[in-house]
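Notes for the structure review
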Amino acid sequence: MVYTNNLVVAAKAAYALSQVLERIKVVHEVLGFTTYESKEMTRAMADDLVGSVTPEDYARDEAIYMPIFKGFGERLSTQVKARFASMVGYSDFCRCNIDGESILLAAHRLKAQRAERHIMVVLSDGDPNCTPGGYANVSQLRNHTREAVRKTQAAGIESWASASGPRLCRPTTTSTSS
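Keep in mind it's a predicted model, so treat the numbers as computed, not measured. (Residues numbered from 1 in each chain as written. Predicted model: local features only at pLDDT ≥ 70, side-chain atom pairs only at ≥ 80, totals over all residues. Heavy atoms only, no water.)

Within the chain one finds five helices and seven strands. Starting at the N terminus, the α and β elements of the chain follow one another as α-β-β-α-β-β-α-α-β-α-β-β. The burial tally for the chain puts 35% of its 178 residues in the buried class. Long-range pairs, those at least 24 residues apart, make up 72% of the contacts in the chain with a sequence separation of at least 6. Of the accessible surface of the chain, which amounts to about 11,000 Å², a share of 55% is contributed by carbon and sulfur atoms. (Helix = DSSP H or I, 4+ residues; strand = E, 2+ residues; numbered from the N terminus. Buried < 20%, exposed > 50% of the residue type's maximum accessible area, 1.4 Å probe, protein only. Contact = heavy atoms within 4.5 Å. Areas by Shrake-Rupley, 256 points an atom, 1.4 Å probe, with all protein chains shown as cover.)

Below is the structure:
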């Protein structure tokens, strides 16, 4: 399955980058991002579906799931390594990609850290997508992702993104300097 292969590549790349950052003593965090089915969210959406509001009015119908594979204060212990390995074995990890919202949430976590510089590295398949609009809303999601990156840069976060997968893209570097 293509998604499983992409996930293996992403897990290996994230782990390798984390090893390098640890060796050069850069405090860092490794997050994942996907979605999961949420009964609470489904109920809340159902309560909202009155009048002219339809399921297609929502950008997504699943809750964002952002597991922390390695926290800012952690070293690459056996437990942390096991979290990286669990990424590959978790069959539901390849659900929806809500890249823009996930980038904004990660940026919020990053800015809370005291540091001279804040740098965000995003490894993605390069194709944000989710239901209920499915592929019909991909263009909207891509625009939202671009806007999220602009907002993080405006907040002083340097960013680097690399995408591989269904929409194989060249790595792109965008940064702002203070």
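Quick look at helix α5 (residues 138-154) now. Helix length check: α5 (17 residues) gives 24 Å between terminal C-alpha atoms against 24 Å at 1.5 Å per residue, within 8%. When α5 is considered as a whole, its buried residues turn out to be Val138, Leu141, Thr145, Ala148, Thr152 and Gln153. Projected onto a plane normal to the axis of α5, the buried residues spread over an arc of 135 degrees and lie on a single side. Away from the buried face of α5 by more than 90 degrees, exposed residues Gln140 and Ala154 are located. Of the residues one or two after α5, Gly156 is the one with positive phi, at around 90 degrees. (Expected span 1.5 Å × (residues − 1). Arc of directions from axis to C-beta.)

Turning next to the packing of helix α4 (residues 99-111) against α5. Close contact between α4 and α5 brings their axes to 7 Å; oriented N to C, the two are set at 15 degrees. Between α4 and α5, the crossing angle belongs to the class labelled roughly parallel. For the pair α4 and α5, the sense of crossing is left-handed. Here α4 contributes Asp99, Gly100, Glu101, Ile103, Leu104 and Ala107 to the contact with α5, which in turn contributes His144, Thr145, Ala148, Val149, Lys151 and Thr152. When grouped by side-chain class, the residues that make up the contact of α4 with α5 number five nonpolar, four polar and three charged. (Axes fitted to C-alpha atoms, helices over the stretch in contact; angles between N-to-C directions. Parallel < 35°, antiparallel > 145°, perpendicular 65-115°, else oblique. Left-handed = near helix turned anticlockwise from the far one by under 90°. Nonpolar A, V, L, I, M, F, W, Y, C, P; charged D, E, K, R; others polar.)

Should the charged atoms of two oppositely charged side chains come close, the side chains can pair. Applying the stated criterion to the full structure yields five salt bridges. Across the salt bridge formed by Glu147 and Arg150, the nearest N and O atoms sit 2.9 Å from each other. Here Arg150 and Glu147 lie together in helix α5, a separation of three residues that amounts to about one turn. The class for Arg150 is partly exposed, based on a relative accessible area of 46%. (Salt bridge = Lys/Arg side-chain N within 4 Å of Asp/Glu carboxyl O.)

Overall, the relative accessible area of 34% leaves Glu147 in the partly exposed class. Along the backbone, Glu147 and Leu104 are 43 residues apart, and their C-alpha atoms lie at a distance of 9.8 Å.

Summed over all chains, the structure comprises three aromatic pairs. Both rings, one in Tyr15 and one in Phe84, keep their centres 5.4 Å apart while their planes meet at 70 degrees; by these two values the pair is edge-to-face. Here Phe84 lies in helix α3 (residues 78-89) and Tyr15 lies in helix α1 (residues 2-23), a separation of 69 residues in the sequence. Taking relative accessible area as the criterion, Tyr15 reaches 22% and is therefore assigned partly exposed. Residues Tyr36 and Tyr65 carry aromatic rings whose centres are separated by 6.2 Å and whose planes lie at 90 degrees to one another, so their mutual orientation is edge-to-face. (Phe/Tyr/Trp six-rings, centres within 6.5 Å; stacked < 30°, edge-to-face > 60°.)

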